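Tertiary structure, described
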Amino acid sequence: MEENREWQAKWIWLEDSPAADAHDIVYFRRTFSVPADLPCRLVVDVSADSRYRLYLNETSVSAGPCKGDASTYYYETIDLSDRLKPGANVLACKVVHYPFAANARNASSSPASVWRSDRGAFLLNGELSGADGQVCERLHSGPSWRALRDRAIGYQAESFTLFVGGAESADGSRLPHGWQRPEYDDAGWQPAVVVGDTHDPTWGALMPWQLTARTIPPLYETERDFKRIVRAGRMNGGAEQVRHGGQQAAAEGGTDALSLVGHLVPAGETHWFELDAGAMTTGYLQLRLAGGKEASVRMLCSECYEYPPEPDGRRIKGIRDEWREGKALYGPTDAYIAAGVGNAAEPEYYEPFWFRGIRFVRLEIAARDEPLILLGFNYRETGYPLEVKGGFACSDESLAPLWEISLNTLARCMHETYEDTPYYEQMQYTMDTRLQILYTYMTSGDDRLAAKAIYDFHSSLLPSGLLQARYPSVVPQVITGFSFFWIMMVHDHYMFYADAALVRRYRPTIDAVLAWFDRRIGDDGLVGRLPEGYWQMIDWVEEWKALYGAPPASRNGPLTVINLMYADALNKAAQLNAWTGRGDVAAEYRDRAARVNAAVRDTCFSAERGLFRDGPHAEQYSQHPQIWAVLSGAAHGEEAVCLMDRMLAEPELPRASIAYVHFLFRALSRTSRYDRAAPLWDIWREQVGLHLTSWVEDPVWQRSDCHGWGASPLYEFPAEILGITPAEPGFSRISVAPRPGSLRWASGTVPTKAGPVEVAWRIDDDDRFRLRIHAPSGIPVRVTLPDGTARELPQASGEVLTCSYSAAPH
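Residues numbered from 1 in each chain as written. Predicted model: local features only at pLDDT ≥ 70, side-chain atom pairs only at ≥ 80, totals over all residues. Heavy atoms only, no water.

**A few points about the overall build of the protein chain**
Each helix and strand in the protein chain was counted, giving 13 helices and 38 strands. For a compact globule of 810 residues, the expected C-alpha radius of gyration is about 28 Å, and the protein chain comes in at 28 Å, within 12% of that figure. Projected onto the principal axes, the alpha-carbon positions of the protein chain cover approximately 80 × 70 × 60 Å. Buried positions account for 59% of the 810 residues belonging to the protein chain. Of all intrachain contacts in the protein chain linking residues separated by at least 6 positions in sequence, the fraction that spans at least 24 positions is 73%. Entry remark: accessible area of the protein chain is about 30500 Å², with carbon and sulfur atoms responsible for 49%. In the protein chain, 81 side chains carry a positive charge and 105 a negative one; their mean positions are 1 Å apart. (Helix = DSSP H or I, 4+ residues; strand = E, 2+ residues; numbered from the N terminus. Rg over C-alpha atoms; globule rule 2.2 N^0.38 Å. Buried < 20%, exposed > 50% of the residue type's maximum accessible area, 1.4 Å probe, protein only. Contact = heavy atoms within 4.5 Å. Areas by Shrake-Rupley, 256 points an atom, 1.4 Å probe, with all protein chains shown as cover. Lys, Arg positive; Asp, Glu negative; His and termini not counted. Charge placed at Lys NZ, Arg CZ, Asp CG, Glu CD.)

As structure tokens, then:
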């Protein structure tokens, strides 16, 4: 969003920058004095290209900038007034400029989700002022700042992960230890050089950084210790000698990781430890040492113990926290060479700049001529400050861990954007994000990260009319059908928040996306074969493995599922336009949807099989077109019910994976077949048995052990088992329609715009279903009991509704 403000600060850096395709790290300092007898105030606005961490008097106070792009380059505002101390103070900032590259190969050593220009830059706007507003000292970035280029840290080419960036290799003897302290001597540093203004007030030339205030809260950072040592030992002639660990130690729960504090590695020896964080998490590794000059320290981050990958890339993992012969930890490894300057009072400290996905870490220390003492090894957990206000409990104890693991999965995939996987990519994809947003709405009611995601993908619009599949990203990608998920995001937001201004803002982008598909309608009324240059991924299905999730029918002509998703998007766009005053456009979109659905029925339906083919020219079938036929309205009423029954009666059909099962749930719900979904929960129960603490990406490649789209229980349990959904936009009218299935009781809460909705139901021994609802004052509730009885309540404040109940057979 364009801003109209005056900046006093200048973008600064050092002269003689490395080539644009190399990392460049610069440290900045600005000392100032706070009068002892004068209360002072200091608020700063700060940004950098590409990432920064800002300190005040050695304490980290901000990290950023928030992920954006060249047209929306974020800055953070931090009030430092309470952190000032009388006398000498220092603002210190480490800035990493990532390689400027237009392709994945050159960007492979840096996070691809972080935007960057062709040069590094740092900006800080701030004035120290007294209580009366009088300026004591101007601290704006400019030549008064001191700067030092880093010569200690290098970046490895990325391995094992994808798009997160390569691990660090750091030489501690070349680091400016203590540089964040006021008393540090920076006499050998250079004055910073102004490399740019924040804007061109005369000619309107656009700067590389279009500054915009951060729109989401800062990420939290919390100190954490590892829960246990799984295995430990020494290296002897290149072979491991295990002093603790193996299958017995794993079964016994390992050893307290705090026992590492004070561990001595004698000169010439190599010791290693494999540590368990207790659950999948994200954080910054922190290493504290004493002595041990030139010792080598290696820190490998991993999701699980696993066997070596198969030749085709498929992973074999088994029980995730179980070591047995042949299994090991795999992952990127940060490397550090100790300077030997630390002691018990002032440890030598090292922290890799970027956070990692962590469940297990292998720490390996090789001392050289001096012994080394490990004074500390832990991590600082980080993530979006998700405040969980919703809850769920029920009579089936096997569903309880599904809720808790889903919460952890969602939280781990929320930072400055939603993320597909915090370990492998840290990229925001449209399909993943649409689902994660729904899970967030149902558990916290917080739409700030969702609103940013909607804006992010809007910003990715290509001139042709399609949206990029992942964004922000310096490696552009299009997955053709993923643009529909963005329209779903806008529709979901209106259903939960009734924000008409947000819809009006994005109507032109919705129009552009739908027009792209409309231009590809052929004589048969279908969106035709899609461009070869775009990925036609639909779902991670075993039968579609050869085309990486794309149905083989995509090579022969139109895809049925794309046409049905297009019809569904048209219907949702029609609603959005009707709700915001564009009735003619709404009518046009409804008409286009009806024509596409009719064309699909005419060309893609097999009367012999009673199913929709994957394409009009392909005798191939899967669950996916059947699902979208129901959701788009191509099949409705009894026809849709029969379609779902036929689909479920053919178990050999390629099935919706954990990534896609949300849409299967919706189709079953719409056709009153939701009770048939009960066996699907075994997908998650099996993962609990494998000791996963977050949900896997897919069953085909078995790559990621933490993928946000798998947190389906966060939507299904409250929306279906409790039955709480918005009956009208913004929860101005609430629908409660529980689906008990084989459960005997369930209770929980959904946060809404108007306040929490609490539902509790129970089936008594006499098979009477008893429902109690507490809804926000003044909000009407439409209740549908399991026997089909409907009630309209002007207010739900705890009265009990009953009906007879008989569980449907499975």
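**With respect to the pattern of salt bridges**
Considering all chains together, one arrives at 54 salt bridges under this definition. Taking the shortest distance from any N to any O, the salt bridge between Glu221 and Arg380 comes out at 2.7 Å. Of this pair, Glu221 sits in strand S16 (residues 220-224) while Arg380 sits in strand S27 (residues 372-383), and the two are 159 residues apart along the sequence. According to the relative accessible area criterion, Glu221 is partly exposed, its value standing at 30%. For the salt bridge of Asp511 with Arg582, the shortest nitrogen-to-oxygen distance reads 3.0 Å. Of this pair, Asp511 sits in helix H6 (residues 500-518) while Arg582 sits in the loop between helix H7 (560-579) and helix H8 (583-604), and the two are 71 residues apart along the sequence. A residue is classified by how much of its surface remains accessible, and Arg582, at 23% relative accessible area, is partly exposed. Among the charged side chains, a network of salt bridges with common partners joins Arg231, Glu240, Glu274, Arg362 and Glu364. (Salt bridge = Lys/Arg side-chain N within 4 Å of Asp/Glu carboxyl O.)

**Looking at the pairing of strand S4 (residues 51-56)**
Along a regular strand, successive side chains alternate from one face of the sheet to the other. Taken across its 6 residues, S4 has 6 buried, putting it largely inside the fold. Taking every second residue as pointing to the same face, both faces of S4 are buried, with Arg51, Arg53 and Tyr55 on one and Tyr52, Leu54 and Leu56 on the other. Bridge count for S4 against strand S7 (residues 87-97) is 6 bridges, and the pairing is antiparallel. Within S7, the residue paired with Arg51 across the bridge is Val96. Bridge analysis of S4 against strand S5 (residues 59-64) gives 5 bridges, and the strand direction is antiparallel. Note on S5: the bridge partner recorded for Leu56 is Thr59. (Pairing = 2+ DSSP bridges.)

**Remarks on empty space enclosed by the protein**
Inspection of every chain in the model, using the stated rule, returns 8 cavities of 30 Å³ or more. As a volume, the largest cavity reaches approximately 100 Å³. What lines the largest cavity is a set of 13 residues, among which Tyr155, Gly165, Gly166, Trp354 and Arg356 lie closest to the centre. Its residues placed into classes, the lining of the largest cavity shows 7 nonpolar, 3 polar and 3 charged. (1 Å grid on protein atoms, 1.4 Å probe; cavity = no way out; pocket = protein on both sides within 12 Å on 5 of 7 lines; lining within 4 Å. Points joined across faces, edges and corners; volume = space filled by probe spheres on them. Nonpolar A, V, L, I, M, F, W, Y, C, P; charged D, E, K, R; others polar.)

**Structural notes on the pairing of strand S36 (residues 781-784)**
Residues Val781 and Val783 point to one face of S36 and are all buried, whereas Arg782 and Thr784, pointing to the other face, are not buried. Pairing of strand S32 (residues 733-736) with S36, which is carried by 3 bridges, proceeds in the parallel orientation. When the sheet's bridge partners are listed, Ser735 is paired in S36 with Arg782. Summarising the sheet, S36 and strand S37 (residues 790-793) pair through 4 bridges and their orientation is antiparallel. Within S37, the residue paired with Arg782 across the bridge is Glu792. Hairpin connection of S36 to S37: 5 residues between the antiparallel strands, including Gly788 at a positive phi of 95°.

**Re unusual backbone geometry**
The omega torsion across Gly64 and Pro65 is -5°, close enough to zero to call that bond cis. Structurally, Pro65 can be placed in the loop between S5 and strand S6 (73-79). Between Tyr471 and the following residue, Pro472, the backbone shows a cis peptide bond with an omega angle of 0°. Looking at where Pro472 falls in the secondary structure, it is placed in the loop between helix H4 (448-459) and helix H5 (482-497). Even without a glycine there, the phi angle at Phe160 is positive, about 75°. You can see Phe160 is positioned in the loop between strand S11 (153-155) and strand S12 (168-171). A positive phi angle, near 50°, is found at Tyr548, a position not held by glycine. Locating Tyr548 in the fold gives a position in the loop between H6 and H7. On the accessibility criterion, Tyr548 (47% relative accessible area) is partly exposed.

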